[in-house]
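Fold and geometry: a report
Each chain, written out:
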Amino acid sequence: MSNTCVSDAVRYIGVNDRTIDLFESQYPVPNGISYNSYIIFDEKIAVMDTVDARATGTWLENLTDALDGRKPDYLVVLHMEPDHAANIERFIGLYPEAKIVGNAKTFAMINQFFTLDLADRKVEVKEGAVLSLGSHTLQFVMAPMVHWPEVMVAYEQSEKILFSADAFGKFGALDASEPWDEEAARYYLNIVGKYGAQVQALLKKAAALDIGMICPLHGPVLKENLEHYIGKYQTWSSYEPEVHGVLVAFASIHGHTAEAAEKMAELLRAAGEEHVEALDLARTEVSLAVRKAFYYDRIVLAACTYDGGVFPCMEEFLLHLKTKNWQKRKVGLIENGSWAPMAAKVMRGILEPMKAIEIAEPVVTIKSALNAASLEAMKQLAAAIVG
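Residues numbered from 1 in each chain as written. Predicted model: local features only at pLDDT ≥ 70, side-chain atom pairs only at ≥ 80, totals over all residues. Heavy atoms only, no water.

**Quick word on the overall build of the protein chain**
Applied cut-off: By the criteria applied, helices consist of DSSP H or I runs no shorter than four residues and strands consist of E runs no shorter than two, each listed in order from the N terminus. Between buried and exposed lies partly exposed: a residue is buried under 20% and exposed over 50% of the maximum accessible area for its type, with that area taken using a 1.4 Å probe on protein chains only. Residue contacts are defined here by distance: any two heavy atoms, one from each residue, within 4.5 Å place the two residues in contact. In this description, accessible areas are obtained by the Shrake-Rupley approach with a 1.4 Å probe, and a residue is regarded as covered only by the protein chains that are shown. Note that His is not counted, nor are the chain ends; the positive residues are Lys and Arg, and the negative ones are Asp and Glu. Note on charges: their place is set at NZ of Lys, CZ of Arg, CG of Asp or CD of Glu.
Along the backbone of the protein chain there are twelve helices and 23 strands. Principal axes of the C-alpha set define a box for the protein chain whose edges measure 80 × 35 × 35 Å. Taking all 387 residues of the protein chain together, 56% fall into the buried category. Once local pairs closer than 6 in sequence are excluded, the contacts in the protein chain between residues at least 24 apart make up 70%. Working note: accessible area of the protein chain is about 15,900 Å², and carbon and sulfur atoms make up 50% of it. With 36 positive and 51 negative side-chain charges, the protein chain shows a separation of 4 Å between the mean positions of the two kinds.

Here it is in C-alpha cells:
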C-alpha cells in the first residue's frame, strides 16, 4: 500500500498483514488485518502513528518512499497499543529532529514501553489543542477508554478528516472483499464493546465537527455515507439491537439439547418471528457468537449440565457477554440434565448482574431428551419470548 493517496496532501503508508491468524492473540482474522499509518504533507510534515512490529520492514519502506528524501517534523501518537506504537523508538532513531505529539497519558505509556529521553522532543497536547502544519491544522480531541486511557483522535480542519484511532476500524486487510458492517461489528463489540459510555462521549464530541472523511487505524478509509458508519457506532455503543428477532444459542454434548434448540427455533418461527437464528456455540468462534448476541433483541440459551455446572462453551459465551457489557435483552433459558440439572441456575447467576436483562418464564428443564411435558414448557417459553 506504499504511497497511496488519501488526498493530495495525505498519504496512506500502512501495511496489510495477511500472515496473522489471531488478532490480539484471540480473534481469528481469516482475511488478515491492516495497520494504518498516514502522512500529512504541508510546510510541516506529520506522520500519524506507526504500525505493529510484525509490519516494521514494509512500513519503513512505505514511509521512506512517501517522504522521498524529506524529513518529518512530527510523529502524532493517537494510540499506544503495540499494533500502532511498536515503531516509535525506530522512528525517533531515524528522525532525531522530529517531535513526538501526544497527551500526558501517551507519554507516561511511552516510558513504560521504551527507554527514551523525550525531554526536548515532546509536544504535549490537551483537549481542543491545535497543531498547525501550514494550511493544515490538527485539532485534538481526547477519547479516553476508546479503548485505552490515553486514546485521542485528531481532526484535520481544512480537509475535514477525522483520524479516529481504533474507532471505526474493522478486521480484514484492505484488499479483503467482505462488507464493512459485519467485520467492523465483530471488531467493535469484542474489543471496544465494554466502553459504550465512553464511545457515546466521543460521538457527542464528533457531532460538533464537520467530518468529511474518517481515517481509522484498521480497515478502509471511509469517504462516503458516513452517516451509516456513525449510525452503527451509535447503535452498538448504546447497546441497542440491530434487528427484532431471536438468537437461539445452544451448547449440546450428545445432540439432545441441540434438538431442543432447533425445536425452539421452529416454535418461534411458527409464532410469527421472522428473524430467528440457531447457533451452535461448540462450533462457533466466540467473537462471532458475541456479535450475534448484540445483533438480536432477544435470545434463548439452551445448555446441558456439565460437571455440576454448565457446558463450558456456554459459560465462556456468557462470560464474554458480561465482560462486553451486554444488556437490554430478554432471555429465555432451557437446561438439560440427566440426573441433577444445574445449567439454568449457573446461566441465571451470570445473567442477573447484567444491566436490564429480563429472564422470561418459564425456565424449561429437560431430563435427557424432550418429552411431552418439556415440549409444552417450551411452547410456553416461546409465547413469552414472542409476547
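**With respect to the environment of K223**
To keep it simple, the criterion reads: Counted as a polar contact is a pair of N or O atoms within 3.5 Å, where, for protein atoms, one must be capable of donating a hydrogen and the other of accepting one, and residues adjacent in sequence contribute only when both atoms are in side chains.
Here K223 shows up in the loop between strand 16 (213-215) and helix 7 (226-237). Residues K223 and N371, 148 residues apart in the sequence, show an inter-C-alpha distance of 56 Å. A polar atom in the side chain of K223 sits 3.2 Å from the backbone oxygen of V6.

**Points about the side chain of S34**
In this fold, S34 is placed in strand 6 (residues 33-35). Residue S34 is classed as buried on the basis of its relative accessible area, which comes to 0%. A polar contact is formed between the side chain of S34 and the side chain of N36, at a distance of 3.1 Å. Residues in contact with S34, not counting those within four places in the same chain, are Y12, V15, N16, G172, A173, L174, L217, H218 and G219.

**Focus on the side chain of S237**
With respect to the secondary-structure elements, S237 resides in helix 7. Residue class for S237 comes out buried when judged on its relative accessible area of 2%. Among the polar contacts made by the side chain of S237, one reaches the main-chain carbonyl oxygen of Y233 at a distance of 2.6 Å. Beyond its immediate chain neighbours, meaning those up to four positions away, S237 contacts Y188, G196, A197, V199, Q200 and L203.

**A few points about the sheet that holds strand 12 (residues 130-132)**
Operational definition: Each pair of strands is called paired provided DSSP finds at least two bridges between the two strands. For helices, the fitted axis covers only the stretch in contact; all axes are lines through C-alpha atoms, and the angles between them, taken along N-to-C directions, range from 0 to 180 degrees.
Overall, mixed pairing links the five strands, which are arranged 12-13-14-15-16 in an open sheet. What marks the edges here is a single partner per strand, and that holds for strand 12 and strand 16. Between one strand axis and the next, the sheet turns by 20° as a mean value, whatever way the strands run.

**As for the pattern of salt bridges**
Between side chains of opposite charge, a pair can form as their charged atoms come close. Counted only if it meets this: In what follows, salt bridge is the name for a side-chain nitrogen of Lys or Arg lying within 4 Å of a carboxyl oxygen of Asp or Glu.
This structure, assessed with the given rule, holds 18 salt bridges. A salt bridge links R18 to D175, with the nearest nitrogen and oxygen atoms 3.1 Å apart. Separated by 157 residues along the polypeptide, R18 in the loop between strand 3 (15-17) and strand 4 (22-23) and D175 in the loop between strand 15 (161-163) and helix 5 (180-192) bring together distant segments of the chain. Of the residues examined, D175 reaches a relative accessible area of 52% and is grouped as exposed. Put simply, R348 and E352 hold a salt bridge, and the shortest N to O gap is 3.6 Å. Since its relative accessible area comes to 25%, R348 is described here as partly exposed.

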